[in-house]
Amino acid sequence: MKILIAEDDASSRLVLGATLRKLGHAVTAVADGRSALAAWQQGEHVLLISDWMMPDMDGLELCRMVRAAPRLQYTYIILLTARSGKGSYLEGMGAGADDLITKPFDAEHLAARLHVAQRILALHETLRFQAMHDHLTGLWNRGMIMGTLQEELARAARDGSCIGVILADLDHFKRINDTYGHLSGDTVLQETARRMHHALRTYDRIGRYGGEEFLIIASGGERSDVHSVAERIRDRVAETPVQTAAGAIIVTVSLGLAITRMGGRDDAVTVIAAADAALYCAKKERNRVHVAEREGPGLPEPPWQ
Ligand SMILES: Nc1nc2c(ncn2[C@@H]2O[C@H](COP(=O)(O)OP(=O)(O)OP(=O)(O)O)[C@@H](O)[C@H]2O)c(=O)[nH]1
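The text that follows walks through the structure, step by step, so that each part is easy to find. The structure displayed is predicted, hence computed values, not measured ones. (Residues numbered from 1 in each chain as written. Predicted model: local features only at pLDDT ≥ 70, side-chain atom pairs only at ≥ 80, totals over all residues. Heavy atoms only, no water.)

1. A word on the packing of helix α8 (residues 182-198) against helix α9 (residues 223-239)
Interhelical geometry of α8 versus α9 gives an angle of 140° and a closest axis separation of 9 Å. By the angle between their axes, α8 is oblique relative to α9. Our pair here, α8 against α9, has a crossing hand that is right-handed. Two secondary-structure elements touch here, α8 through Thr192, Arg195, Met196 and His198 and α9 through Ile233, Arg236 and Val237. Classifying every residue of the contact of α8 with α9 by side-chain character gives three nonpolar, two polar and two charged. (Axes fitted to C-alpha atoms, helices over the stretch in contact; angles between N-to-C directions. Helix = DSSP H or I, 4+ residues; strand = E, 2+ residues; numbered from the N terminus. Parallel < 35°, antiparallel > 145°, perpendicular 65-115°, else oblique. Left-handed = near helix turned anticlockwise from the far one by under 90°. Contact = heavy atoms within 4.5 Å. Nonpolar A, V, L, I, M, F, W, Y, C, P; charged D, E, K, R; others polar.)

Below, the structure is given as structure tokens:
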């Protein structure tokens, strides 16, 4: 683990750092709360071991500052203290610490507490992954891809650039489920999701938007580049049948593509409505890419919306 130590006493800092390194951890050690906060803000450390009593910003304030800062990854905090009264636990945990160890610490005791920290951090990571990803395909879930779309739209508006938004929908998927069964339908979803993902460029993003519908964000591309991405997805999905327990299944996908205005302020709802309208056109033939047409300099007005 990457561990950050905040301890103003130089010899305690050295002993603690050496003990943790011996246990196989990567350690950054600083002498006060403010330096610890600055180091923590770099975003590398998953575990913070802080002395309680420090000049200027003490361990409790450091705990509160860390807990108040939004960060996706959890930081496990252990407070070190010479105080051993019952109230210390309550005060320390109340400020945001996960554990409290009295000084001078015992190396075996510390190692045991680190096992608990590792277990809780691993559990937190699992929950974080599950909250962000679709359990069947492993792609980002709807919340994540929509959040990313909003960020990308804001970024494009700032940079004066444009982005491509693609809605991809498997063709006749109900028929696949009805003919081969729901489990084979799941296999088809997993394999097509994998193929679509591999057809993207490194900076494109994909998420599961609904049942058999996927949303792709192609940033910073020319219209022709985004169109190539959509065509490549279509091609890769149809290339070879998907092998399932019920046999090989030919799968195709239809794609609707909308490109935002250069430097415009299109919102997610409008862009998705445009891609959806284009998808509707693609579905008339299936196994097709259809590009939403523009009216004038920006995205068209209704009937898109
Ligand atoms: N196996 C499986 N099926 C799903 C899942 N989510 C949605 N579906 C099915 O996907 C099917 C979508 O059917 P429709 O919306 O009628 O679309 P379609 O049959 O693909 O027809 P077109 O889109 O017009 O080509 C429904 O039968 C849903 O039950 C899933 O996670 N697993």
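Once the structure has been displayed, the description carries forward.
2. A few points about the site of the ligand
Around the ligand, the structure places 17 residues, and the nearest of them are His172, Phe173, Asp186, Arg208 and Lys283. In the model, an oxygen atom of the ligand is placed 2.8 Å from a nitrogen or oxygen of the arginine 208 side chain. Protein contact buries 66% of the 670 Å² of open area that the ligand shows by itself. Elements with a minimum of two residues in the shell around the ligand: β6 (163-170), α7 (173-180) and α8. The element best represented in the shell around the ligand is α8, accounting for four residues. Looking at the shell around the ligand, its residues break down into four nonpolar, five polar and eight charged. (Near = heavy atom within 4 Å. Polar contact = N/O pair within 3.5 Å; in protein donor to acceptor, adjacent residues only side chain to side chain. Areas by Shrake-Rupley, 256 points an atom, 1.4 Å probe, with all protein chains shown as cover.)

Everything listed is a geometric property; what it means functionally is a separate question.
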